[in-house]
Amino acid sequence: MRGYPLRVEARRDESPSRWLWLVKWFLLIPHYVVLLVLYLGLVVLTLVAYLAVLFTGRYPPAIAAYNLGVLRWSWRVGYYGYQALGTDRYPPFTMADVPEHPARVSLTEAPHPPRWLPLVAWLFAVPHLLLLGALSGAVTWSGGNGGDRTTTPLSVISAAVIVAGVALLFTGRLPGGLHDLLVGVTRWNLRVVSYLTLLTPRYPPFRLDQGGSEPVDDPVPPAPPEPAAPAAAPVHRGGVVGPVLGLIAGVLLLVPGAGLAIGGGALLALNDARDAAGYVTSPAVSVRTSTAAVTAESITLQAGDVFTRGFADIGGFRVTATGPAGDELFVGIASSSDVDAWLRGTAHDELIGMSSGDARYDRAPGARRAAPSPAAQSFWLASGTGTGDATLTWEATSGTYAVVVANADGSTGVTADVRAATQVPGLAGPGTGLLITGILLDVLAILLIVLGAMGLGRRHSGTLPPPAAPSGPPVTGPPPLVTTTR
C-alpha cells in the first residue's frame, strides 16, 4: 500500500507548556521574516520550474530540493506556532530534514511531472483552494450599533487554535481530536501546495486525513524484490553565504523594481489621458441642491511645499459644469474668505466627498434664498457662464480657495455635472524611464533570487528520492465524475 508522495507527519508533546503559546508569536518573528524571503523565492523558482518542465520535460533537482525545504521549514514553524500548537520544541533554522524533530515533511519519489501539467495545475487546484478557503477563510462577527459597529474575522481553523490554546492554559494538555484536525488541515494544504509547485504530479485527494501519521491507500499487488538501490548522491556542501546573500538581495530589489515599473506605467497612462492642451480630466460628478449654490471649499495651495509648488508650476486648472438644456450656469473660483462673505446668511451645500460619481454634502446654515448675482461679483479669480456648459480656466497660485457652481442669476435649485481638469506636462519620458528601470531591476532581482535559491537547493538536492517506477498512468488531474443508472 502506498500513500500520497508528500508525507506530512507530526508527533505532539506529551507535556506541553500551559502558557508558552501566548508568546510564541513573538518568538517566531525571526522565522516569519525568513519565511517571507523563502516563499518569495519559492514563487519565483516555481515559475522557473513550470517553464523547465514545459520546454524540457525535467524538473530541476535544485528547485525541487529548495521548494521541499521551504515546505519543511514552514511546517515546523506552523506546528510549533498557530497551525497546531503541537510542540514546544523551537524550530531549527534549516531547510534540511531533521529526523528527531516532531514535525516532518518528506517526498517518497522525486518530481517527474508531465510536460502539460504546468498549463493546467492551477486550474485543477481550484476546487481544493475553494474548500481550503472555506476552512481557513474568515467568518465575520459583527458587534455594536450604527457607526460604532465593529467586525472581527474568525475562521474555523482560528477558532480551533483558540480552543486548543485555552485548553492548554487551563488543563495543561492539547485535546487529541483538535490536534488531529489541525494537522489534517495542514496536511491537505501542503499536498495542494506540493501539487501546485509540481513536487508531485499526483492529484491531491479530497479528504481530511487527520492525525500525526500519514495514512496509506491505493492497495497494489506485492512488488517483486528490487535490486539494492545505488548509494545516495552526496549532498552538495557549497558555501551558504553567497546563495543567502543573493536571495536576500533579489527579494530586496524585487519590491522597489515592481514599484518603479508600476509608477512608470501609471505615468504613461496619465500621459495618454492628456488632451491636446495637456489637460487630464476627471470623471463627471453629479451635483444637485435646492439651495443657491454648491461649493468645494478649503482648497489650499502652498508654494513653499515641494508637492504643491510642483502643482503650481504645472499651471492650468479647468472646471466645466454642464446643466440641463436651457439652464444658464455659473462656475467660479475665488478666495475662500470672499466666497464666505458672499454667501453669508444664504443656505448652500458644501461638497465633502464623492461616491460612485455622486456627491455628498454638508448643508451650510442660512435662509434658502437666491444669492446675489454671481456674475456681478468682482472677487472671482476666474469664472465662466454659459447655457448648457460653463467653463473656467485658471492658472494655479498659492492660497486657500473655493469653487462655486450656481445658477447665473443666483436663483435656488442647481443641477449640474461637474468635471475638473488639471494641466500636466508631458510624462512620456519620465514614465518610460521609470518603467525600464523597474523592469531591469526586477530582471536582476529574479536572476539573484533564482541563483540564490537554487544555490541553497543544491545543498540538499542529493537527498531527494529517486523517481517512482511507473505502475500505470499517473493521476494528475481531478478524478472523473462517476454516475450510476438503474
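Cut-offs used in this document
- Residues numbered from 1 in each chain as written.
- Predicted model: local features only at pLDDT ≥ 70, side-chain atom pairs only at ≥ 80, totals over all residues.
- Heavy atoms only, no water.
- Helix = DSSP H or I, 4+ residues; strand = E, 2+ residues; numbered from the N terminus.
- Buried < 20%, exposed > 50% of the residue type's maximum accessible area, 1.4 Å probe, protein only.
- Contact = heavy atoms within 4.5 Å.
- Phe/Tyr/Trp six-rings, centres within 6.5 Å; stacked < 30°, edge-to-face > 60°.
- Salt bridge = Lys/Arg side-chain N within 4 Å of Asp/Glu carboxyl O.
- Axes fitted to C-alpha atoms, helices over the stretch in contact; angles between N-to-C directions.
- Parallel < 35°, antiparallel > 145°, perpendicular 65-115°, else oblique.
- Nonpolar A, V, L, I, M, F, W, Y, C, P; charged D, E, K, R; others polar.
- Expected span 1.5 Å × (residues − 1).
- Polar contact = N/O pair within 3.5 Å; in protein donor to acceptor, adjacent residues only side chain to side chain.
- Core = buried A, V, L, I, M, F, W, Y, C linked by side-chain atoms within 4.5 Å.
- Pairing = 2+ DSSP bridges.
- pLDDT = per-residue confidence, 0-100.

On to the overall build of the protein chain, then. When helices and strands are tallied, the protein chain shows eleven helices and 15 strands. The buried share among the 486 residues of the protein chain stands at 42%. Pairs at least 24 residues apart make up 79% of the contacts formed inside the protein chain by residues separated by at least 6 positions.

Further remarks concern the packing of aromatic side chains. Considering all chains together, one arrives at 13 aromatic pairs under this definition. When the ring of Tyr203 is compared with that of Phe206, the centres are 5.9 Å apart and the planes differ by 50°; the resulting orientation is tilted. Looking at Tyr203, the relative accessible area reads 5%, which means it is buried. A centroid spacing of 5.0 Å and a plane angle of 55° characterise the contact between Phe330 and Trp380, whose relative ring orientation is tilted. Placement of Phe330 in strand S9 (residues 328-335) and of Trp380 in the loop between strand S11 (358-364) and strand S12 (382-387) is noted, with a sequence separation of 50 residues between them. Residue Trp380 is classed as buried on the basis of its relative accessible area of 12%. Grouped by ring-pair contacts, the aromatic residues Trp73, Tyr80, Tyr90 and Phe93 constitute a single cluster.

A few words on the pattern of salt bridges. All chains considered together, the criterion is met by nine salt bridges. Here Asp88 ties to Lys24 by a salt bridge, and the two come within 3.2 Å at their closest N and O atoms. Of this pair, Asp88 sits in the loop between helix H3 (61-80) and strand S2 (103-107) while Lys24 sits in helix H1 (residues 24-27), placing them 64 residues apart in sequence. For Lys24, a relative accessible area of 1% gives the class buried. Of the charged contacts, one joins Arg318 and Asp275 as a salt bridge, the two residues approaching to 3.2 Å between their closest N and O atoms. Here Asp275 lies in the loop between helix H8 (241-272) and strand S5 (279-281) and Arg318 lies in strand S8 (residues 316-322), a separation of 43 residues in the sequence. Look at Asp275 and you get partly exposed, because its relative accessible area is 31%. Connected through salt bridges with shared partners, the residues Arg187, Arg191, Arg207, Asp209 and Glu214 form a single ionic network.

Our next topic: the packing of H3 against helix H11 (residues 428-458). For any two helices packed against each other, the geometry is given by the interaxial angle and the distance between the axes. One can describe the packing of H3 onto H11 by two numbers: an axis separation of 7 Å at closest approach and a directional angle of 85°. Comparing the axis directions of H3 and H11 gives the class roughly perpendicular. Listed contacts from H11 to Ala62, Ile63, Ala65 and Tyr66 of H3 are Ala453, Met454, Leu456, Gly457 and Arg458. The class makeup of the residues in the contact of H3 with H11 is seven nonpolar, one polar and one charged.

Inspection of the secondary structure puts Ser194 in helix H7 (residues 176-196). Given a relative accessible area of 0%, Ser194 falls into the buried group. When near neighbours in sequence (up to four residues on either side) are disregarded, Ser194 contacts Tyr4, Leu6, Leu71, Leu199 and Thr200.

A separate point is H11. Between the first and last C-alpha of H11 there are 44 Å, a value that for 31 residues agrees with the 45 Å anticipated at 1.5 Å per step. Of all the positions in H11, only Gly431, Gly438, Asp442, Ala445, Ile449, Val450, Gly452, Ala453, Met454, Gly455, Leu456 and Gly457 are classed as buried.

Before going further, it helps to examine unusual backbone geometry. The phi angle at Leu198 is positive, at roughly 65°, despite the residue not being glycine. Along the polypeptide, Leu198 turns up in the loop between H7 and H8. Classification of Leu198 by relative accessible area gives buried; the value is 0%. With phi around 55°, Ser298 is a residue other than glycine that occupies positive phi space. Within the element layout of this structure, Ser298 appears in strand S7 (residues 293-301). For Ser298, a relative accessible area of 54% puts it in the exposed group.

Our focus in this paragraph is the side chain of Ser74. For Ser74, the position within the fold is in helix H3. Within polar-contact distance, the side chain of Ser74 engages the side chain of Tyr39 at 3.0 Å. In contact with Ser74, not counting residues within four places along its chain, are Leu35, Tyr39 and Gln83.

We now examine the environment of Gly263. Among the secondary structure elements, Gly263 is positioned in helix H8. For the pair Gly263 and Thr432, spaced 169 residues apart in sequence, the C-alpha to C-alpha distance is 9.8 Å.

With that settled, consider the nonpolar core. Grouped together as the largest cluster of nonpolar side chains are 63 residues, with contacts concentrated most on Leu6, Tyr59, Tyr66, Trp75 and Leu247. Element by element, the count of residues in this core is highest for H3, at 13 residues. Not counting chain neighbours up to four residues away, the residues in contact with Leu247 comprise Val37, Leu38, Gly41, Tyr66, Leu448, Ile449, Gly452, Ala453 and Leu456.

On to the environment of Val126. For Val126, the location among the structural elements is in helix H5 (residues 126-136). In the structure, Val126 is positioned 66 residues away from Val192 in sequence and 9.7 Å away in space, judged by C-alpha atoms.

What follows covers the pairing of strand S13 (residues 389-395). Burial along S13 is one-sided: Ala390, Leu392 and Trp394 are buried, and none of Asp389, Thr391, Thr393 and Glu395, which face the opposite way, are. When S8 meets S13, the two strands line up antiparallel, connected through seven bridges. From the neighbouring strand, Val319 faces S13, where its bridge partner is Leu392.

If you trace the backbone, Val163 turns up in helix H6 (residues 156-171). In this structure the C-alpha to C-alpha distance between Val163 and Leu178, which are 15 residues apart in sequence, comes to 8.5 Å.

As a further point, take the confidence of the model for the protein chain. When pLDDT is averaged along the protein chain, the result is 85, and 84% of the positions lie at 70 or above. The model gives residues 303-313 a pLDDT under 50, and that stretch makes ten contacts with residues more than four places away or in other chains. In this model residues 482-486 is a low-confidence stretch, pLDDT under 50, and it forms zero contacts with partners more than four residues away in sequence or in other chains.

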